[in-house]
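Tertiary structure, described
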Amino acid sequence: MRSNKEAITKSPEPFVKWAGGKRQLIKQIEDYLPLELKNGYITRYIEPFVGGGAVLFHVAQLYNIEELFIFDINPELIVAYQTIKNNLEDLLEILSKLATEYLLLNEEKRKEYFYEMRSQFNLFRKEPNYNKIKITALLIFLNRTCFNGLFRVNSRGEFNVPCGKYKNPTICNSANLKAVSNILQKARIELGDFEKCEKYVNKKSFVYFDPPYKPISNTSNFTAYAKDNFGDREQLRLRDFFTLLDRKDAKLMLSNSDSEDLFFENAYREFIIEKVKARRNINSNGQKRGTIKEILIMNY
Ligand SMILES: C[S@@+](CC[C@H](N)C(=O)[O-])C[C@H]1O[C@@H](n2cnc3c(N)ncnc32)[C@H](O)[C@@H]1O
């Protein structure tokens, strides 16, 4: 069942630290994966809100997955997945140059270098035919060196996270990028809204949805991944889509925060809801880190 394992020397892991990343929840998710995935019947994995892809990489290397379909609404993230798939060598060249230049500098100069790269990223991304390899290298560089590794954009869609203070960050992890590129060879990678995945869903599919969190309180800001907010209306549009895919006989799982107002219990009352505990790392208020409850919703 461990397809591809022999060919890959290192297990692929997320190449960016992403807000809402599911690394902390992998063990719990593994417990609830459908039997049909574990016994090899399911061969297609679909993830419409891929982000850093923690679950994608976990499932793709452990199970009998022949085809991967991944989507996200963040243009630079999707360009990064496509570049790692198609232009790995060129990417490694640029990224390792950025890493070497940065790591040689002292703290003050590193800060200047970071802000210079951040303005380059924000300038380039607005150009119609930007260099995709350069933008991917900058995205990875900024993600590895920014405060908290939090990808956040302002209302103009610009990356605006301040500089972090890591002593020796791993900016260019070639072994991992190679493993990621290897697994992405069987992936179709598309920019767009989650509903775009519909045409690929069949009964041999497992679809994992990890939408932006519904904020637990008004002050938490977990939905700020892209400039468009993912409010209650969007959560309900997603529920309708989940119900539509359920009729296609695919196996579906969705995760979200366990909001106190029973929003998900009401919206998904036709389905199975499990509560699991997870550590959440990314929060601008350090005091609020720690264990929080998440929910997993399944149609099986
Ligand atoms: C919680 S994150 C996913 C985290 C991911 N599971 C991981 O482990 O890193 C949610 C993702 O949904 C994306 N997103 C937001 N609105 C979307 C939409 N309407 N359609 C598709 N993706 C969307 C965001 O850009 C973000 O990457």
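Numbers given to residues run from 1 along each chain, matching the order in which its sequence is written. Reporting in this predicted model follows two pLDDT cut-offs: at least 70 for local features of residues, and 80 or more for side-chain atom pairs to be given and counted; totals over whole chains, interfaces and linings ignore these cut-offs and use all residues.

1. Observations concerning the nonpolar core
- Within the largest apolar cluster, 69 residues are counted, with the highest numbers of intra-cluster contacts made by L56, I70, L95, F141 and V207.
- Strands here mean DSSP runs of E at least two residues long; helices mean DSSP runs of H or I at least four residues long; both are numbered from the N terminus. No other element matches helix α7 (residues 132–145), which puts eight residues into this core.
- Each domain span listed reflects an automatic or database assignment of domains. Among the domains, domain 1 (23–73 + 192–222 + 236–298) and domain 2 (81–174) are the pair contributing at least three residues each to this core.
- With C-beta atoms placed from the backbone, a contact is any residue pair whose C-beta atoms sit within 7 Å. Setting aside its immediate chain neighbours within four residues, V207 contacts I46, C197, V201, L245, A250 and L252. Here a nonpolar core is just a set of buried residues of the types Ala, Val, Leu, Ile, Met, Phe, Trp, Tyr and Cys, joined wherever their C-beta atoms sit within 7 Å. Every C-beta atom is placed from the backbone, and the number of other C-beta atoms within 10 Å of a residue's own sets its class: buried at 20 or more, exposed at 12 or fewer, partly exposed in between.

2. Re the pairing of strand β4 (residues 205–209)
- Extensive coverage of β4 is indicated by the burial of five of its five residues.
- Covered by surrounding structure in β4 are S205, V207 and F209 together with F206 and Y208, the residues of both alternating faces.
- Relative to β4, strand β1 (residues 44–47) runs parallel, the two being bridged by three bridges. Across the sheet, R44 pairs through a bridge with S205, a residue of β4.
- By definition, two strands form a pair when at least two bridges between them are found by DSSP. Across four bridges, β4 lies against strand β5 (residues 251–257) in parallel orientation. Each residue of the ladder has a partner; that of F206, found in β5, is K251.

3. Quick word on the site of the ligand
- What makes a residue near a molecule or strand is its C-beta atom, placed from the backbone, lying within 6 Å of it. Taken together, 23 residues sit near the ligand, with G20, F49, G51, G52 and D210 positioned nearest.
- When contributions to the shell around the ligand are tallied by element, the ones reaching two or more residues are α3 (54–62) and β2 (67–72).
- Tallied by class, the residues present in the shell around the ligand amount to 13 nonpolar, six polar and four charged. Throughout this entry, Asp, Glu, Lys and Arg are counted as charged residues, while Ala, Val, Leu, Ile, Met, Phe, Trp, Tyr, Cys and Pro are counted as nonpolar. The remaining residues, Gly among them, count as polar.

Such coordinate-based values are descriptive only and should not be taken to indicate function.
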